[in-house]
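Residue strings, one per chain:
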Amino acid sequence: MTPIVPRARAPLKAPSVLPGFAPTFSATLFYLAVVVLIPLGALIVKASSLGFGGIIAVAAEPRVLASLKVTFGIAIAAALIDLLVGAVVAWALTRYSFPGRRIFDAMIDLPFALPTAVAGIALSTLYAPNGWLGAPLAKLGLKVAFTPLGILVALVFVGLPFVVRTVQPVIEELDAEQEEASATLGANRWRTIRHVLIPELAPALLTGMALAFARGVGEYGSVIFIAGNVPYVSEITPLLIVVKLEEYNYAGATAIAAIMLALSFAMLLVINSAQAWTRRSLGDV
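Treat the numbers as computed from the prediction; the structure is a model and nothing was measured. (Residues numbered from 1 in each chain as written. Predicted model: local features only at pLDDT ≥ 70, side-chain atom pairs only at ≥ 80, totals over all residues. Heavy atoms only, no water.)

Quick notes on the nonpolar core
For step 1, the next point in the chain: Within the largest apolar cluster, 58 residues are counted, with the highest numbers of intra-cluster contacts made by Ile151, Leu155, Val167, Val223 and Ile236.
For step 2, the next point in the chain: Looking at this core, the elements that each hand over two or more residues are α2 (51-59), α3 (62-95), α6 (116-127), α8 (148-173), α10 (189-218), α11 (221-227), α12 (237-246) and α13 (250-284).
For step 3, the next point in the chain: With sequence-adjacent residues up to four places away left out, Val223 is seen in contact with Ile151, Ala154, Leu155 and Ile236. (Core = buried A, V, L, I, M, F, W, Y, C linked by side-chain atoms within 4.5 Å. Buried < 20%, exposed > 50% of the residue type's maximum accessible area, 1.4 Å probe, protein only. Helix = DSSP H or I, 4+ residues; strand = E, 2+ residues; numbered from the N terminus. Contact = heavy atoms within 4.5 Å.)

Next comes the structure, spelled out in structure tokens:
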């Protein structure tokens, strides 16, 4: 007779600490619906009361076009500055030890914790014609406060932490031996940066730039104090939306907001596409 061998029991699966797919996915949908989709849907519905032609007419207004140019143009410029400066700051804080490094590292997060109105008042006081930095610059013929240049300063200030905190963990994971090997093979510093460092840091840099750009487009509190808010010169689109609301022109305000939403989505789509292309390119190498 063939002996009956008892079947080996399958090992019991350890229970997961986190909840399963159903509750987490339900919580995700609930959050997206309440916080993102419903408000955006209400915005689009309210703007659609003007009709497509009405929205185009609002977008074609000279004051709206000027504010969009100021808002998106300066936000892009500030994001590019943050990209360069943030990469250097993240590299210095990660790769070098110097007195006060922890203090400097903590100060990077200051724009996160500082109320935007306080930041705007501080920057406008600092860069005013009689301010600590504004007075020396005024002697050189350079006016910062109450000009578009002041908006650039404010957006660089609030956007820099996004780049630094996005790039910093990636630099910490980089192996210094790659740079040493590149130098051993005769590559100069520029070739090492271009062929060794930038390919590794590119996705994080693009992500940080996208976050800085998104923050710059929607920034209001720190900008209105230093911008001067002159129509056609230094007026940002969020302020123009507030002006429309104060005039009880709710349809016009939502139309401008919908235009900003569409432009912001298009810009972020381009940046995210560039980020995905960079990752695919690195994967093929």
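Comments concerning the pattern of salt bridges
For step 1, the next point in the chain: In total, this model carries five salt bridges according to the counting rule given.
For step 2, the next point in the chain: The shortest N-O distance in the salt bridge between Arg63 and Glu235 comes to 2.6 Å. Placement of Arg63 in helix α3 and of Glu235 in the loop between α11 and α12 is noted, with a sequence separation of 172 residues between them.
For step 3, the next point in the chain: For Arg63, a relative accessible area of 27% gives the class partly exposed.
For step 4, the next point in the chain: With relative accessibility at 3%, the residue Glu235 sits in the buried group.
For step 5, the next point in the chain: Notably, a salt bridge pairs Asp109 with Arg165, separated by 2.8 Å at the nearest N-O pair. Of this pair, Asp109 sits in the loop between α4 (101-107) and α5 (110-113) while Arg165 sits in helix α8; the two residues are 56 residues apart in sequence, bridging distant segments of the chain.
For step 6, the next point in the chain: When its relative accessible area of 22% is taken as the criterion, Arg165 is described as partly exposed. (Salt bridge = Lys/Arg side-chain N within 4 Å of Asp/Glu carboxyl O.)

Regarding the packing of α3 against α10
For step 1, the next point in the chain: Here α3 crosses α10 at 140 degrees, and the two axes come no closer than 8 Å. What the angle tells us is that α3 and α10 run oblique. In terms of crossing hand, the pair formed by α3 and α10 is right-handed. Between α3 and α10, the contacting residues are Thr71, Phe72, Ala75, Ile76, Ala79, Leu80, Asp82, Leu83, Ala87 and Trp91 on the first element and Leu197, Leu205, Met209, Ala212, Phe213, Gly216 and Val217 on the second. (Axes fitted to C-alpha atoms, helices over the stretch in contact; angles between N-to-C directions. Parallel < 35°, antiparallel > 145°, perpendicular 65-115°, else oblique. Left-handed = near helix turned anticlockwise from the far one by under 90°.)

Re the packing of aromatic side chains
For step 1, the next point in the chain: By the definition in use, this model includes four aromatic pairs.
For step 2, the next point in the chain: When the centroid spacing of 5.1 Å and the interplanar angle of 85 degrees are considered together, the rings of Phe112 and Phe162 count as edge-to-face. Pair noted here: Phe112 is in helix α5 and Phe162 is in helix α8, with a separation of 50 residues, a long-range link. (Phe/Tyr/Trp six-rings, centres within 6.5 Å; stacked < 30°, edge-to-face > 60°.)

Without other data, these values stay purely geometric and don't point to any function.
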